[in-house]
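# Report on the structure
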Amino acid sequence: MPNFVTQSLQDLQQQVPIISDKVLVDLVNGMQVNDDLSGYDEAKMCLEPILKTLTIEAGRHDSLDSLQQKNKQLANDPHVY
């Protein structure tokens, strides 16, 4: 036995046949959006370790540069020795 919502939708579809097409288009669009979002999550998961490694390497590089600058300053400072 159809419920009220189903019966109302069927009555509306009989009165306005385009609604069936609209429901189908909305369903397909929703599925495409879902696929796009899933693909974005997968790409993000693949790229995340690479970006993390690059960030760590950049931090190490900055630390080494800072140490080298301090060593140069100490080497040029006559008051150190």
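Residues numbered from 1 in each chain as written. Predicted model: local features only at pLDDT ≥ 70, side-chain atom pairs only at ≥ 80, totals over all residues. Heavy atoms only, no water.

Secondary structure assignment for the protein chain yields 2 helices and 0 strands. Among the 81 residues that make up the protein chain, the fraction classed as buried is 0%. Surface summary for the protein chain: the accessible area is close to 7,600 Å², and the carbon and sulfur share equals 62%. (Helix = DSSP H or I, 4+ residues; strand = E, 2+ residues; numbered from the N terminus. Buried < 20%, exposed > 50% of the residue type's maximum accessible area, 1.4 Å probe, protein only. Areas by Shrake-Rupley, 256 points an atom, 1.4 Å probe, with all protein chains shown as cover.)

Attention now moves to a nonpolar patch on the surface. Together, L24, L27, V28 and M31 make up an exposed nonpolar region whose accessible area comes to about 380 Å². In this structure, V28 sits in helix α2 (residues 18–76). A residue is classified by how much of its surface remains accessible, and V28, at 37% relative accessible area, is partly exposed. (Patch = residues over 30% accessible without salt bridge, like charges linked within 9 Å, V, L, I, M, F, W, Y side chains within 5 Å. Salt bridge = Lys/Arg side-chain N within 4 Å of Asp/Glu carboxyl O.)

This model, assessed by the stated rule, comprises 2 salt bridges. The closest approach of N and O atoms between D26 and K22, which form a salt bridge, is 2.9 Å. Here K22 and D26 lie together in helix α2, a separation of 4 residues that amounts to about one turn. The partly exposed category is assigned to D26, whose relative accessible area is 39%. A salt bridge links R60 to E57; its shortest N-O distance comes to 3.0 Å. Of this pair, R60 and E57 both sit in helix α2, 3 residues apart, which is roughly one turn of that helix. Judged by its relative accessible area of 40%, E57 is partly exposed.

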